[in-house]
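# Coordinates in review
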There are 2 protein chains.
Amino acid sequence: MTYTPATQDQLLAIRVNAGIEELAQSERFAAAEPDMVEAIVSGIGEFAAGEWAPLNRVGDLEGARLENGTVHLPDGFAEAYEHYVEQGWNAIAGPVEFGGQGLPFTLSCNVLENLGTANMAFNLLPMLSVGAMESLEHHGSKELQEKYLPKLVSGEWSGTMNLTEPQAGSDVGALRTTAHPIEDGEHAGKYRIKGQKIYITWGEHELAKNIIHLVLARVPDAPEGSRGISLFIVPKYHVEADGSLGKRNDVRCVSIEHKLGINASPTCVMSYGDEGECIGELVGAENRGLMAMFTMMNNARINVGNQGVQIGERATQQAQMYARERIQSARAGSPDKAPVAILEHPDVRRMLLRMKALTEGARALLYYTAGQVDRGTLGNDDAKARGEVLTPLIKAWGTDIGIEVASLGVQVHGGMGFVEETGAAQHWRDSRIAPIYEGTNGIQAADLVTRKLGMDGGQALSGLIADIARDAGDEPALAALAADCEAVAGWMRDEASLDDRLAGSMPFCTMFAVAVAGWQLLRQRRAIGDSDSAQATTKTATVRFFLDRIVPEASGLRAAATAGAEPLYALTAEQFVG
Amino acid sequence: MTYTPATQDQLLAIRVNAGIEELAQSERFAAAEPDMVEAIVSGIGEFAAGEWAPLNRVGDLEGARLENGTVHLPDGFAEAYEHYVEQGWNAIAGPVEFGGQGLPFTLSCNVLENLGTANMAFNLLPMLSVGAMESLEHHGSKELQEKYLPKLVSGEWSGTMNLTEPQAGSDVGALRTTAHPIEDGEHAGKYRIKGQKIYITWGEHELAKNIIHLVLARVPDAPEGSRGISLFIVPKYHVEADGSLGKRNDVRCVSIEHKLGINASPTCVMSYGDEGECIGELVGAENRGLMAMFTMMNNARINVGNQGVQIGERATQQAQMYARERIQSARAGSPDKAPVAILEHPDVRRMLLRMKALTEGARALLYYTAGQVDRGTLGNDDAKARGEVLTPLIKAWGTDIGIEVASLGVQVHGGMGFVEETGAAQHWRDSRIAPIYEGTNGIQAADLVTRKLGMDGGQALSGLIADIARDAGDEPALAALAADCEAVAGWMRDEASLDDRLAGSMPFCTMFAVAVAGWQLLRQRRAIGDSDSAQATTKTATVRFFLDRIVPEASGLRAAATAGAEPLYALTAEQFVG
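None of the values given here were measured: they were computed from a predicted structure. (Residues numbered from 1 in each chain as written. Chains lettered and ligands numbered in written order. Predicted model: local features only at pLDDT ≥ 70, side-chain atom pairs only at ≥ 80, totals over all residues. Heavy atoms only, no water.)

### Details of the overall build of chain A
- In terms of regular secondary structure, chain A is built from 20 helices and 14 strands.
- Radius of gyration (C-alpha) of chain A: 24 Å, near the 25 Å computed for a compact globule of 578 residues.
- Each of the three principal axes of chain A carries a C-alpha extent, and together these read 85 × 60 × 55 Å.
- Relative to its 578 residues, chain A shows a buried fraction of 65%.
- Looking at chain A alone, contacts between residues at least 24 apart form 74% of all its contacts between residues at least 6 apart.
- About 19300 Å² of surface is accessible on chain A, with carbon and sulfur atoms providing 49% of the total.
- Treating the 50 positive side-chain charges of chain A as one cloud and the 75 negative ones as another, the clouds have centres 3 Å apart. (Helix = DSSP H or I, 4+ residues; strand = E, 2+ residues; numbered from the N terminus. Rg over C-alpha atoms; globule rule 2.2 N^0.38 Å. Buried < 20%, exposed > 50% of the residue type's maximum accessible area, 1.4 Å probe, protein only. Contact = heavy atoms within 4.5 Å. Areas by Shrake-Rupley, 256 points an atom, 1.4 Å probe, with all protein chains shown as cover. Lys, Arg positive; Asp, Glu negative; His and termini not counted. Charge placed at Lys NZ, Arg CZ, Asp CG, Glu CD.)

Structure (structure tokens):
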């Protein structure tokens with residue numbers, strides 16, 4: 001096995017940060033009782049490390065290949081996906097009426113965490129399917145749900161999200177794909193879709209028997225911009241009335257990207273309606289597609305933040321193993337000059353503890369966020385609002401620390417880290433996409449200082465900071481950081497212009513995320529208590545590192561968060577170059 | 001042209017930070033008068049951007065290939081190297097008596113900066129040759145110098161440094177390559193070398209007519225560890241008495257690494273003496289090889305720090321160009337909703353200005369360091385000591401910001417940044433080696449808090465901080481950071497154990513480097529004055545960004561720098577994993 005699933009730390013975070021026991025007291029999540037949770041967490045950990053992890057390196061080396069319109073994955077992927085479906089892992093959080101287990105989002109996060117730690121590129125296949133399921137569940141008609149959800153829930157079919165076009169990236173409203181209503185014939189009531197979409201993750205492959213594309217497009221005479229966008233389902237194969245697969249729809253993959261990382265995940269250019277025969281079905285109402293898409297994007301953002309935890313865990317374990325085995329140089333000042341494992345050198349310990357503390361901090365933030373989302377599902381509006389405040393934090397900071405931890409992993413390996421055979425470099429390359437997709441981290445930070453800052457008259461955000469301050473207790477650095485966060489939030493609300501807020505958005509997002517992560521780690525440590533179990537010893541060391549070294553660093557961002565926009569506009573576009 | 005050479009900013013740094021006019025007042029560097037300096041800086045910039053930059057992408061794509069013991073580079077490299085040699089760029093800082101121009105190290109830095117901005121992987125060929133030249137110049141006999149230096153200085157021959165063996169990386173003293181004295185025959189007085197070296201940059205290629213390998217090895221009965229290491233010259237082709245090339249020496253490249261980046265630079269496994277006929281010549285005295293090697297390593301470390309500036313400049317320019325051309329989304333709050341160039345969005349401006357400020361800050365630090373080295377060459381011992389204090393700062397922080405800037409460059413490109421065709425990803429991959437080779441950044445930081453901290457009874461380091469504090473004037477953040485640096489230095493000297501110092505070494509190294517870079521940028525701004533030239537406007541904006549946002553961030557590292565080693569040792573090696 002290439003790594004050990006972080007089962008114990010995941011269970012701790014699920015218990016303390018997500019508060020699973022409280023969730024299980026609700027009727028809806030009653031199935032999430034302790035034995036079930038433990039079975040899921042240890043089961044998926046074992047499955048992922050055993051069956052998906054061994055495909056990580058070959059997936060990087062050989063990658064996905066497009067031949068004659070078909071995407072091929074290296075040997076082993078098809079079987080590993082089949083086993084995943086057979087064992088029911090895809091159905092964890094799916095709706096019960098369509099064959100799902102209806103368990104909390106918290107546990108779906110855990111399934112994704114384990115799969116992605118094993119194989120980040122492969123895990124994008126179920127991740128994208130989750131998005132397709134959620135938008136159908138919340139916005140599809142009963143008929144569409146019955147037609148598509150059962151096999152999406154089981155994983156026999158997979159799903160994709162089709163937003164981006166060359167001129168429409170972050171600005172989804174600029175898209176030009178069209179959808180014309182069909183008035184009669186066998187497809188009456190449906191739409192003819194025409195256009196090209198780029199960056200479509202797992203847009204084409206043969207691991208699932210059908211692919212359900214969720215496609216944003218414009219109907220005739222739709223309003224300009226984001227208010228004129230509708231959402232359509234475009235299946236790769238038409239689905240007959242009896243549920244069997246019919247003929248192929250007019251959609252194809254025309255090329256796949258040559259990327260920096262996640263090479264086993266085919267990133268497709270998809271062409272819809274080259275022959276005028278691409279048939280799509282409307283999800284929700286015309287011109288309300290963006291809202292339907294954003295439903296699925298909210299949790300998708302949390303799932304991308306999760307990828308930072310995944311790569312962090314994998315990189316940390318790999319570096320730890322190397323640092324225990326690699327013998328080099330004596331301890332500084334040692335009398336006997338005997339070379340030691342590099343893990344014994346202070347700066348290597350610093351790197352490893354930083355990797356561990358950042359990863360566990362991001363995990364604590366992830367499950368805290370997931371728990372709030374689940375409470376929102378149960379009807380708790382305050383928790384729902386808090387989940388929305390937390391979403392940009394886990395997405396942006398989670399993915400940023402993913403890169404940092406993977407980079408430290410390369411550094412711990414020294415020269416070996418730069419050689420591809422070692423595998424440390426792959427984690428770093430793979431990690432680089434996460435701050436970009438599903439809304440760039442800049443867009444997350446903008447969301448934080450615009451929509452989220454003002455929610456509930458500012459209470460959603462400031463209430464969270466107040467909770468941190470209250471719990472900080474005898475941790476002066478955390479208390480100081482909470483005060484810094486509130487000072488920045490207050491300045492942004494009371495004094496700053498919109499541009500000022502945006503200018504300080506990213507440093508604020510980082511410092512705020514560190515404050516929440518530090519707080520949630522502190523809650524873990526307090527929950528474990530002062531026992532001398534191995535877990536308590538390790539957690540205490542990690543939390544101390546986080547609170548004493550990483551938290552004060554975040555306070556150093558306060559000046560940048562409040563420096564305002566004017567200095568950024570001192571240069572004209574021309575003066576920027578040269 | 002793929003980018004514009006940063007000629008104006010380089011000239012500013014050479015004038016203000018290196019103080020070239022003062023250097024030119026010495027007899028030794030009299031040739032470095034303003035016209036000459038300007039001719040070199042603009043000439044090498046034009047040559048590099050014109051001839052070397054176009055090979056950067058093909059060098060990455062095709063890379064160096066080993067076939068039947070010969071390393072092949074893509075088409076164009078041989079001609080581009082030939083032109084470089086013909087135009088005399090390799091000889092800028094070489095000794096006059098061997099055909100060099102004897103100009104200051106400052107100008108050799110500039111030649112390397114421009115070549116490396118154009119093509120980081122290719123530039124390693126001249127960079128490594130510089131090291132070989134310097135150790136011959138300082139430690140070789142007159143005979144060896146006459147035999148090897150003229151063609152090394154011209155660039156007709158290239159040089160390599162052979163330290164690392166599988167078990168001897170950071171711990172050079174653990175090496176096992178042997179050297180047996182030859183008592184009679186045609187090679188009497190020379191040595192028979194046997195062993196294998198790894199990570200040998202440009203260890204084999206056909207761009208130069210001969211390759212002069214500098215190899216560390218042990219003579220029989222040498223003391224253990226680093227006091228038993230000797231330095232040898234092993235030419236690829238023997239050199240006859242008349243200077244012509246003789247038969248091939250028994251040294252060969254047995255494999256090259258498959259790396260994360262710098263693919264055009266062949267990283268070789270070199271085998272010496274497979275047939276027992278590898279002949280080497282001793283440089284300096286037996287068992288004094290490490291000292292001779294360190295001579296060349298000191299400036300080599302500065303040259304590696306320079307690579308951070310190079311990749312920073314290239315990545316910044318590429319991101320700026322993209323951000324001016326890419327139209328996406330309206331300005332937040334704009335009434336007309338017209339999409340704008342992404343450079344107009346506040347957070348994109350923040351990223352670009354951060355890239356620019358970090359790059360120019362590292363450049364200011366680079367040339368300040370180079371100027372101190374040149375003063376040391378002129379006999380100024382205080383400047384020599386200061387240059388030694390600055391060396392780990394530019395090596396570690398310079399290479400760290402190289403990665404950060406390249407990463408921001410990927411981020412500015414959004415999804416396009418993750419697609420290899422764009423080229424932004426290559427800069428990021430290339431940048432990752434620099435914190436590893438030529439002494440990992442952890443080793444730089446260790447050097448700072450051990451040897452450098454105590455130099456001249458602490459005065460070398462604290463005198464530098466005092467100069468920053470004195471000049472900070474009305475810049476409160478810089479004054480505060482200088483005070484933080486002195487507080488950390490004082491704690492390290494007076495209270496901390498050796499382990500405590502090492503535990504805080506990396507955060508201290510970073511905050512100290514930011515302080516010096518901020519100070520040197522401030523000196524640039526003051527030197528330019530308040531004119532409304534384009535350069536003054538740009539520089540003012542960059543320096544403001546650095547002092548108001550980056551400097552306060554560095555103060556946030558003080559807690560980590562003084563947190564001590566004990567918390568890092570709270571875990572046993574076993575507890576680290578899992």
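Back to the write-up after that little detour.
### Here we look at the UniProt feature "domain: Acyl-CoA oxidase/dehydrogenase middle" (unreviewed entry) in chain A
- Here, UniProt's "domain: Acyl-CoA oxidase/dehydrogenase middle" (unreviewed entry) annotation points to residues 161-271 of chain A.
- Summarising residues 161-271 of chain A: 0% helix, 44% strand, and an end-to-end C-alpha distance of 14 Å. (UniProt positions renumbered as here; feature names shortened; annotations may be inferred.)

### So, helix 13 (residues 441-454) of chain B
Residues and elements named next belong to chain B.
- Relative to the 20 Å expected for 14 residues at 1.5 Å per residue, helix 13 spans 19 Å between its end C-alpha atoms, a close match to the ideal helical length.
- Helix geometry: helix 13 is bent most strongly at L448, by close to 35 degrees.
- Considered for burial, the residues of helix 13 that qualify are N441, G442, Q444, A445, D447, L448, V449, K452 and L453.
- One or two residues past the end of helix 13 sits D456, with phi positive at roughly 50 degrees. (Expected span 1.5 Å × (residues − 1). Bend = angle between axes of the 7 residues up to and from the residue.)

### Some points on the packing of helix 14 (residues 459-472) of chain B against helix 15 (residues 476-494) of chain B
Residue and element names in this part refer to chain B.
- Two elements in contact, helix 14 and helix 15, have axes separated by 8 Å at closest approach and are oriented at 160 degrees. Here helix 15 runs roughly antiparallel to helix 14, going by the angle between their axes. Judged by the twist between their axes, the crossing of helix 14 over helix 15 is left-handed. Along its contact with helix 14, which presents L461, S462, I465, I468, A469 and A472, the element helix 15 presents L478, A479, A482, C485, E486, A489 and R493.
- Here the contact of helix 14 with helix 15 is built from residues that sort into 10 nonpolar, 1 polar and 2 charged. (Axes fitted to C-alpha atoms, helices over the stretch in contact; angles between N-to-C directions. Parallel < 35°, antiparallel > 145°, perpendicular 65-115°, else oblique. Left-handed = near helix turned anticlockwise from the far one by under 90°. Nonpolar A, V, L, I, M, F, W, Y, C, P; charged D, E, K, R; others polar.)

### Quick word on the relation of the copies chain A and chain B
- Placing chain A over chain B gives an RMSD of 0.0 Å and needs a rotation angle of 180 degrees, together with 0.0 Å of translation along the axis. In short, the pair behaves as if placed about a two-fold rotation axis. Of every C-alpha in chain A, the one belonging to G556 of chain A sits nearest the axis of rotation, 2.1 Å from it. (Least-squares fit on C-alpha atoms with pLDDT ≥ 70 in both.)

### Focus: the interface of chain A and chain B
- Contacts between the two partners involve 86 residues from chain A and, on the opposite side, 86 residues from chain B.
- A per-residue breakdown of the area chain A buries against chain B is headed by F418, R549 and F576 of chain A, which together make up 11% of the total.
- For the pair chain A and chain B, the number of links is 4 salt bridges.
- Between D499 of chain A and R331 of chain B there is a salt bridge, and its shortest N-O distance comes to 2.5 Å.
- Counting residues per element, the side of chain A that touches chain B draws most heavily on helix 18 (residues 534-555) of chain A, at 8 residues. (Buried area = accessible area lost by both parts, 1.4 Å probe. Salt bridge = Lys/Arg side-chain N within 4 Å of Asp/Glu carboxyl O.)

### Remarks on the side chain of S230 of chain A
All names here are of chain A.
- Within the secondary structure, S230 is located in strand 7 (residues 230-235).
- From its side chain, S230 meets the backbone nitrogen of N287 in a polar contact 2.7 Å long.
- If we ignore the near neighbours within four places in the chain, the residues touching S230 are V215, L216, A217, V219, L282, E286, N287 and G289. (Polar contact = N/O pair within 3.5 Å; in protein donor to acceptor, adjacent residues only side chain to side chain.)

### A few points about the UniProt feature "domain: Acyl-CoA dehydrogenase/oxidase N-terminal" (unreviewed entry) in chain A
- On the UniProt side, "domain: Acyl-CoA dehydrogenase/oxidase N-terminal" (unreviewed entry) is annotated at positions that read residues 74-156 of chain A here.
- Regarding residues 74-156 of chain A, the helix share stands at 69% and the strand share at 0%, and the terminal C-alpha atoms are separated by 19 Å.

### Quick word on the packing of aromatic side chains
Residue and element names in this part refer to chain A.
- With the rule as written, the count across this model stands at 23 aromatic pairs over all chains.
- With a centroid separation of 5.5 Å and an interplanar angle of 20 degrees, the aromatic rings of F508 and F512 are classed as stacked. Here F508 pairs with F512, and both are found in helix 17 (residues 505-528), just 4 residues apart, close to one helical turn. The same class applies to F508 and to F512, which are both buried.
- Ring pairs connect the aromatic residues F47, W52, F77, Y81, Y84, F122 and W202, which therefore count as one cluster. (Phe/Tyr/Trp six-rings, centres within 6.5 Å; stacked < 30°, edge-to-face > 60°.)

### Description of the nonpolar core
- With 387 residues, the main nonpolar core has F508 and F512 of chain A together with F508 and F512 of chain B as its most contacted residues.
- Non-local contacts of F508 of chain B, meaning those with residues more than four positions away in its chain, are made with L448, V449, L461, C485, V488, A489, M492 and A561 of chain B. (Core = buried A, V, L, I, M, F, W, Y, C linked by side-chain atoms within 4.5 Å.)

### What to know about the packing of helix 7 (residues 120-139) of chain A against helix 8 (residues 142-154) of chain A
Residues and elements named next belong to chain A.
- Packing of helix 7 against helix 8 leaves a shortest axis separation of 10 Å and a crossing angle of 150 degrees. Classed by the angle they form, the pair helix 7 and helix 8 counts as roughly antiparallel. Crossing angle aside, the handedness with which helix 7 passes helix 8 is left-handed. Contacts between helix 7 and helix 8 involve M133, L136 and E137 on the former and, on the latter, L144, Q145, Y148, L149, L152 and V153.
- Each residue belonging to the contact of helix 7 with helix 8 can be placed in one class, and the counts come to 7 nonpolar, 1 polar and 1 charged.

### Things to note about helix 1 (residues 7-16) of chain B
- With 8 of its 10 residues buried, helix 1 of chain B lies for the most part within the structure.
- Every buried residue of helix 1 of chain B is accounted for by T7, D9, Q10, L11, L12, A13, I14 and V16 of chain B.

### A short note on the state of the cysteines
- Summed over the entire model, instances satisfying the criterion amount to 0 disulfides over all chains.
- Of all cysteine sulfurs in the structure, the one in C485 of chain A sits closest to C509 of chain A, which takes part in no disulfide; the separation is 10 Å. (Disulfide = S-S within 2.5 Å.)

### Regarding the pairing of strand 11 (residues 267-272) of chain A
Residue and element names in this part refer to chain A.
- Burial analysis of strand 11 places 6 of its 6 residues in the buried class, the great majority of the element.
- Every second residue of strand 11 is oriented toward a common face, with T267, V269 and S271 on one face and C268, M270 and Y272 on the other, all of them buried.
- Where strand 5 (residues 191-201) and strand 11 come together, 5 bridges link them in antiparallel fashion. Its bridge partner being in strand 11, G195 is matched across the sheet by Y272.
- Sheet topology places strand 10 (residues 251-256) next to strand 11; 5 bridges connect them, and they run antiparallel. Within strand 11, the position partnered with I256 by the bridge is C268. (Pairing = 2+ DSSP bridges.)

### Comments concerning the pattern of salt bridges
Residue and element names in this part refer to chain B.
- The tally for this structure, following the rule as stated, stands at 72 salt bridges over all chains.
- The partner of R349 in a salt bridge is E344, and the shortest N-O contact between them spans 3.5 Å.
- We classify R349 as buried; its relative accessible area is 1%.
- R544 serves as the salt-bridge partner of E475, at 3.0 Å between the closest nitrogen and oxygen. Of this pair, E475 sits in the loop between helix 14 and helix 15 while R544 sits in helix 18 (residues 534-555), and the two are 69 residues apart along the sequence.
- On the basis of relative accessibility, which here comes to 7%, the residue E475 falls in the buried class.

### Quick notes on unusual backbone geometry
Residues and elements named next belong to chain A.
- The backbone of Y199 shows a phi angle near 60 degrees, a positive value even though the residue is not glycine.
- Mapped onto the elements, Y199 comes out in strand 5.
- Notably, D221 is not glycine yet its phi reads approximately 60 degrees, a positive angle.
- With respect to the helices and strands, the residue D221 is situated in the loop between strand 6 (210-217) and strand 7.

### So, the environment of A285 of chain B
- The residue A285 of chain B is located in the loop between strand 12 (279-283) and helix 9 (289-325) in this model.
- Sequence separation between A285 of chain B and R386 of chain B is 101 residues; the distance between their C-alpha atoms is 29 Å.

### So, a negative patch on the surface
Residue and element names in this part refer to chain A.
- Together, E62, D75, E79, E82 and E86 give the surface a local cluster of negative charge.
- For the negative patch, the element with the most residues is helix 5 (residues 77-86), which contributes 3 residues.
- Mapped onto the fold, E86 is located in helix 5.
- We classify E86 as exposed; its relative accessible area is 57%. (Patch = residues over 30% accessible without salt bridge, like charges linked within 9 Å, V, L, I, M, F, W, Y side chains within 5 Å.)

### A word on the pairing of strand 5 (residues 191-201) of chain B
Residues and elements named next belong to chain B.
- Relative to strand 5, strand 4 (residues 178-181) is paired through 4 bridges, and the arrangement is antiparallel. Residue pairing in the sheet places P181 in a bridge with Y191 of strand 5.
- As judged from the 2 bridges shared by strand 5 and strand 12, these two strands associate in the antiparallel manner. Paired with R192 across the two strands is I279, which belongs to strand 12.

### Focus: the environment of G100 of chain A
Residues and elements named next belong to chain A.
- By the element assignment, G100 lies in the loop between helix 5 and helix 6 (105-118).
- Spatially, the C-alpha atom of G100 lies 8.8 Å from that of G88, the residues being 12 residues apart in sequence.
- Contact partners of G100, with chain neighbours within four places excluded, come to A91, G94, P95 and V153.

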